[in-house]
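# Chain and residue survey
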Amino acid sequence: MKASFSAHDRQSIWNAMQDSKLDLLIIGGGITGAGILLDATTRGLRAALIEMQDFAAGTSSRSTKLVHGGLRYLKQFEIGLVAEVGKERAIVHRNGPHVTHPEWMLLPIYRGGTYGRLAASFGIRLYDYLAGVQRSERRTMLTKQETLRREPLLRQDGLLGSACYVEYRTDDARLTIEVLKEAVARGGLALNYVRCDRLLYQGGKVAGVAATDILAGAESELRAHVVVNATGPWVDEIRELDGSKSGKQLHHTKGVHIVVDGRRFPLQNPVYFDVPDGRMVFAIPRDGKTYIGTTDTDYHGDLAHPDISPADQRYLTDAVNHVFPTVQLRIEDIESGWAGIRPLIHEAGKSPSEISRKEEIFVSPSGLITMAGGKLTGYRKMAEKAVDLCCRRLSEMTGRTYPPCATAHVPISGGHYANPADYEASVEAAVRDAKRVGLPDSDARLLASRYGTNAGHLLERILTRPTDDAAASLPPAVFAQLAYAIEAEMACTPLDFFQRRTGALLFDIDLVRRTKTAVVQYFAEQFRWSEAERAARGRELDDAITAASGREPGSMPDAVAAGDMPMHTEASANGVIPTSPSTRETVK
């Protein structure tokens, strides 16, 4: 079949997955699974991916949204991890400049803080060296006065100065979607809302899965020579299905982020700062908002429905007020937030923040390959290791040989610039094109920067916008993104669109409230939903708005006792994650 990533083509994609035995089947549609699919297709493998929820619905849309080398890992002497992911950061940016943006991060240095001036200078210089940071982005040390000019909201008492270094901000969900789109364009198959019910075996070896298309209610068997478990927090559950959960196991931690209006916390640039319990937290301005996180605590609750507690909220607002005392942030100021589970590999005696983020591959006696742990930044390298192993297995089975990994030089969808260095100029050209179809500058710039070289496809949809009530009532830029999300990014529900395709649920929740009725109606028209289905999807979106904003009765009290503050936290959830472990994704 012709490559498609349209929600309208789900049946033909489902059929194609069943047509013949796959070389590789990936369970899990987060960034790790997406990276494995792209790597496999570039090497010529017939590969498919299934995800029980929407793509990136778990941790891959709930990170700190940074593609970074992990400065804090130097404190844990994880030199190899810092060097590897630091170099990967540059590759991720080069292959997708529209979803990774360099920003100067401020690291304030306080008397008695985590880093002294000498330690900060040496540590970041070592970081720059290990990560291969280009000269124009190497760290700069600032005096107290220079630091306050750059960020006047910082607490002055005890401030010695700061270090300024480059990190890369990303949209983690869109990064995952763009990687998947590129994989599909190169011949891969991918479906969301497909649940793995059980593993299939032949001669004692895993040979596929029995799966259900949740939206269609159709069951089938998908056969494959090699099966990879990339289900993140649920990898141990898949290993249990395989009867191979032994030895190393996962250690779940919960991490929470909150979002406030930029006028309430008018931060001028990103800051990575100390908090009283000895941890460090990010505060990052984005699209007129400021988001703060993350917490880092052990988690033993429901993997499908971890929540953002009042204690989590208080921990982060108190952290802000400690370093930015004039802000006086309150829980009532929180507009939205998110939480994500990190599936770390257990290390006895270590606290959540001390556990390594390094990935590992487990291979069971049945041949099931499990990818556990890891970071968002290292997704491509993790995929390379997994596909190398898959290719060795396939060579043993078929006698074929496969080329080495080439994804270091494969642009992802939307990143196909003749020269990545021309990104800014290309965005300006796209903005001019968008203005010619009547878009205001802000909308034109949003489409050009968010969609990269695909922006023209959205302009085409504006020019051909139908005149029915649902489409006509939406702002042109919102309609273009909605139509494109359904037709080219397999958005199947309003929540897919508002949370994973645009991020509006997190960073423009007022827009969601204003346009939700028309968006739900447009989905209903596109997929011929019954009135009951339309109402159910509307309620699902309303529940997500409530969970993100914390406006449910009792969830945001005026005050939380200091004794309720969490020990460090790391989180995941919004109340709409299904309970089955079948297709969870790997964490960043």
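Here goes a summary of the coordinates provided. (Residues numbered from 1 in each chain as written. Predicted model: local features only at pLDDT ≥ 70, side-chain atom pairs only at ≥ 80, totals over all residues. Heavy atoms only, no water.)

## Things to note about the packing of helix 17 (residues 509–527) against helix 18 (residues 531–549)
Across the interface, helix 17 lies against helix 18 with an axial gap of 10 Å and an inter-helix angle of 165°. The angle between the axes of helix 17 and helix 18 places the two elements in the roughly antiparallel class. Crossing hand, helix 17 versus helix 18: right-handed. Together, Ile509, Val512, Arg513, Lys516, Val520, Gln521 and Ala524 of helix 17 and Arg534, Gly538, Leu541, Asp542, Ile545, Ala548 and Ser549 of helix 18 make up the contact between the two elements. (Axes fitted to C-alpha atoms, helices over the stretch in contact; angles between N-to-C directions. Helix = DSSP H or I, 4+ residues; strand = E, 2+ residues; numbered from the N terminus. Parallel < 35°, antiparallel > 145°, perpendicular 65-115°, else oblique. Left-handed = near helix turned anticlockwise from the far one by under 90°. Contact = heavy atoms within 4.5 Å.)

## A look at helix 12 (residues 455–463)
Residues Ala455, Leu458, Leu459, Arg461 and Ile462 constitute the buried set of helix 12. End-on view of helix 12: buried residues confined to an arc of 155°, all on one side of the axis. Those residues of helix 12 hidden inside the fold are in contact with helix 10 (423–436), helix 11 (441–451) and helix 14 (476–488). (Buried < 20%, exposed > 50% of the residue type's maximum accessible area, 1.4 Å probe, protein only. Arc of directions from axis to C-beta.)

## Details of the packing of helix 15 (residues 494–501) against helix 17
A pair of packed helices is captured by two measures, namely the crossing angle of their axes and the spacing between those axes. Look at helix 15 against helix 17: their axes get within 9 Å of each other, and the N-to-C directions meet at 135°. Here helix 15 is positioned oblique relative to helix 17, judged by the angle of their axes. On helix 17, the residues that touch Pro494, Phe497 and Phe498 of helix 15 are Val512, Thr515, Lys516, Val519, Val520 and Phe523. Of the residues in the contact of helix 15 with helix 17, the class split is 7 nonpolar, 1 polar and 1 charged. (Nonpolar A, V, L, I, M, F, W, Y, C, P; charged D, E, K, R; others polar.)

## Describing the pattern of salt bridges
Counting across every chain of the model gives 41 salt bridges. Between aspartate 542 and lysine 516 there is a salt bridge, with the nearest N and O atoms lying 2.7 Å from each other. In this pair, aspartate 542 sits in helix 18 while lysine 516 sits in helix 17, placing the two residues 26 residues apart along the sequence. Judged by its relative accessible area of 24%, lysine 516 falls in the partly exposed class. By sharing partners, the salt bridges in this structure join Asp54, Asp496, Arg500 and Arg501 into a single network. (Salt bridge = Lys/Arg side-chain N within 4 Å of Asp/Glu carboxyl O.)

## Focus on the packing of aromatic side chains
Scanning all chains against the criterion turns up 14 aromatic pairs. Between tyrosine 451 and tyrosine 484, the aromatic rings sit 5.7 Å apart at their centres with planes inclined by 85°, giving edge-to-face as the arrangement. Taken together, the residues span a long stretch of sequence, with tyrosine 451 in helix 11 and tyrosine 484 in helix 14 at a distance of 33 residues. Tyrosine 451 gets classed as buried once you look at its relative accessible area, which sits at 0%. Relative accessible area serves as the criterion here: at 3%, tyrosine 484 is assigned to the buried category. Taken together, the ring pairs in this structure connect Phe265, Phe273 and Phe324 into an aromatic cluster. Over the ring of tryptophan 338 we find lysine 65; its NZ or CZ atom is 4.6 Å from the centre of that ring. Across the ring face of tyrosine 110, the terminal group of arginine 155 is positioned such that the distance to the ring centre comes to 4.3 Å. (Phe/Tyr/Trp six-rings, centres within 6.5 Å; stacked < 30°, edge-to-face > 60°. Lys NZ or Arg CZ within 6 Å of the ring centre and 35° of its normal.)

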